[in-house]
Amino acid sequence: MDNRLFQIDPYAGISYGLYNSVKGDKGSFEDFLLHYDSTGANKEDSSWFTKLVKEDTTNALNSPEVWEAMNTLGVNGVDLLGAGSSSDFFDTQVSGLKLQLMQAFSKRDDYKEMKPLLDQLMS
């Protein structure tokens, strides 16, 4: 990690802490730099962080364990449109459709055999 960024941008240190609070040990400084918007952060725009949280939540929901639990509870879908702006509406729609597809496949008898192929298709 290069501390020069934190010397140049006073919001970067705080933002890196926020990033780590979401990503934990799964994140890296390089990944933080790909998500972080220095110009926006210095203008009190934290949309980069909102997108990061949304992405992380979507990834967490896109797991077979979650789908099995949802099927057990009789939940038929997840509303991912509640947060975000119109600029990422299409991405939200695609994520929602992927989640619905995973849910449908998780009900099949051959789900365990199909899981590697599904993981490859969904990435």
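Each remark here, short or long, concerns the structure printed above.
To start, this report covers the structure provided alongside it. (Residues numbered from 1 in each chain as written. Predicted model: local features only at pLDDT ≥ 70, side-chain atom pairs only at ≥ 80, totals over all residues. Heavy atoms only, no water.)

## Describing the nonpolar core
So, point 1. Listed in full, the 10 residues of the largest apolar core are A12, Y16, Y19, F29, F32, Y36, A41, W48, F49 and L52.
So, point 2. Listing elements by their share of this core, those giving two or more residues are α2 (10–23), α3 (29–35) and α5 (47–61).
So, point 3. Beyond its immediate stretch of four places on either side in the chain, A12 contacts L5, F6, F32 and Y36. (Core = buried A, V, L, I, M, F, W, Y, C linked by side-chain atoms within 4.5 Å. Buried < 20%, exposed > 50% of the residue type's maximum accessible area, 1.4 Å probe, protein only. Helix = DSSP H or I, 4+ residues; strand = E, 2+ residues; numbered from the N terminus. Contact = heavy atoms within 4.5 Å.)

## Some words on unusual backbone geometry
So, point 1. The phi dihedral of E44 is positive, around 60 degrees, even though this residue is not glycine.
So, point 2. Relative to the assigned elements, E44 resides in the loop between α4 (38–42) and α5.

## With respect to the packing of aromatic side chains
So, point 1. On inspection of all chains with the given rule, the structure shows 11 aromatic pairs.
So, point 2. Taking the centre distance of 5.4 Å and the plane angle of 80 degrees together, the rings of Y16 and F29 count as edge-to-face. Of the two residues, Y16 sits in helix α2 while F29 sits in helix α3, which places them 13 residues apart along the sequence. As far as burial versus exposure is concerned, Y16 and F29 are alike and both buried. (Phe/Tyr/Trp six-rings, centres within 6.5 Å; stacked < 30°, edge-to-face > 60°.)

## A look at the side chain of S15
So, point 1. Tracing the chain through its elements places S15 in helix α2.
So, point 2. Look at S15 and you get buried, because its relative accessible area is 6%.
So, point 3. Within the structure, the side chain of S15 is placed 2.8 Å from the backbone oxygen of Y11, a separation counted as a polar contact.
So, point 4. Excluding anything up to four places from it in sequence, S15 contacts F32, Y36 and W48. (Polar contact = N/O pair within 3.5 Å; in protein donor to acceptor, adjacent residues only side chain to side chain.)

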